[in-house]
Structures are given as structure tokens and as C-alpha cells.
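A closer look at the structure
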Amino acid sequence: MKKILSQFAAAFGQAGIQVFTVEGRIIIHLISHGESRIKELLLASGSSYRGFYLALERLKAKGIVTSELDPHDRRARRIKLTQHDATRKLDELA
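Residues numbered from 1 in each chain as written. Predicted model: local features only at pLDDT ≥ 70, side-chain atom pairs only at ≥ 80, totals over all residues. Heavy atoms only, no water.

Adjacent strands of a sheet pair through backbone hydrogen bonds, lying either parallel or antiparallel. Taken in spatial order, the three strands of this open sheet run E1-E3-E2, and their pairing is antiparallel. Of all the strands in the sheet, the pair left with one neighbour each is strand E1 (36-37) and strand E2 (65-70). Bridge count between E1 and strand E3 (residues 73-81): two bridges; the pairing is antiparallel. Note that in E3 the partner of Ser36 across the bridge is Ile79. Docked against the sheet, helix H2 (residues 22-33) engages E1, E2 and E3, running at close to 95 degrees with respect to E3. (Pairing = 2+ DSSP bridges. Helix = DSSP H or I, 4+ residues; strand = E, 2+ residues; numbered from the N terminus. Contact = heavy atoms within 4.5 Å. Axes fitted to C-alpha atoms, helices over the stretch in contact; angles between N-to-C directions.)

This is the structure:
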């Protein structure tokens with residue numbers, strides 16, 4: 001497990017993301033649950049509203065996640081991982 005966490009941290013570290021932060025908790029949730037609504041991610045992040053949105057904007061700016069309207073509820077947005085180099089490296093670990 002330690003090796004996997006180390007590789008996980010290294011893959012995102014190259015993209016400038018420290019995984020044991022709010023950004024990391026968002027990424028971990030998306031990996032384990034797939035694309036998610038913002039409210040689900042906010043709860044999973046354990047962060048304040050402001051801290052969560054700042055982290056989410058940093059992930060968007062780095063191209064790690066994208067945001068789309070939820071096709072089933074036009075009021076909601078869904079967040080998903082992109083095919084960024086760091087996420088492709090995670091696929092290789094699996």
C-alpha cells in the first residue's frame with residue numbers, strides 16, 4: 001500500500017498537486033466513485049465551502065478535472081477526471 005500511495009503522490013506531484021490536501025481528497029473520491037456532483041465532492045473533501053471551490057478551481061486550471069452540467073438535473077454540475085498525464089499514470093498502476 002505504501003508503494004501505491006508513493007506512486008500516486010509522485011504521479012500528481014509532477015503536475016504540481018499534493019495529494020494529501022483538499023485537491024488530493026477530491027481526486028481520490030473521483031477515482032473511487034467516478035464522476036460526481038459538486039455537493040458529493042464538497043462533503044468528501046472535508047473542506048470549507050471556500051476552500052473546496054479554491055481547490056476545485058486549481059484542479060480545473062491544471063486540466064485535472066472538468067465540470068459539466070448534470071444531464072439529469074440542469075441545476076447541478078458534475079465533475080470528472082480528465083485524461084491528464086497524472087491520471088493516465090494512475091491507470092497504469094491499476
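And the narrative resumes.
Turning our eyes to something else, we now look at the packing of H2 against helix H3 (residues 38-45). Close contact between H2 and H3 brings their axes to 9 Å; oriented N to C, the two are set at 125 degrees. By the angle between their axes, H2 is oblique relative to H3. Crossing angle aside, the handedness with which H2 passes H3 is right-handed. Two secondary-structure elements touch here, H2 through Val22, Arg25, Ile26, His29 and Leu30 and H3 through Glu40, Leu41, Ala44 and Ser45. In the contact of H2 with H3, the residues fall into five nonpolar, two polar and two charged. (Parallel < 35°, antiparallel > 145°, perpendicular 65-115°, else oblique. Left-handed = near helix turned anticlockwise from the far one by under 90°. Nonpolar A, V, L, I, M, F, W, Y, C, P; charged D, E, K, R; others polar.)

The terminal C-alpha atoms of H2, which comprises 12 residues, lie 16 Å apart, in line with the 16 Å expected from a rise of 1.5 Å per residue. All of the buried residues in H2 are Val22, Glu23, Gly24, Ile26, Ile27, His29 and Leu30. Once H2 ends, the next one or two residues include Gly34, with phi positive near 80 degrees. (Expected span 1.5 Å × (residues − 1). Buried < 20%, exposed > 50% of the residue type's maximum accessible area, 1.4 Å probe, protein only.)

Examined bridge by bridge, E2 and E3 share six bridges and lie antiparallel to one another. Paired with Glu68 across the two strands is Arg78, which belongs to E3. With antiparallel pairing between neighbouring strands as the criterion, E2 and E3 make up a hairpin whose turn holds two residues.

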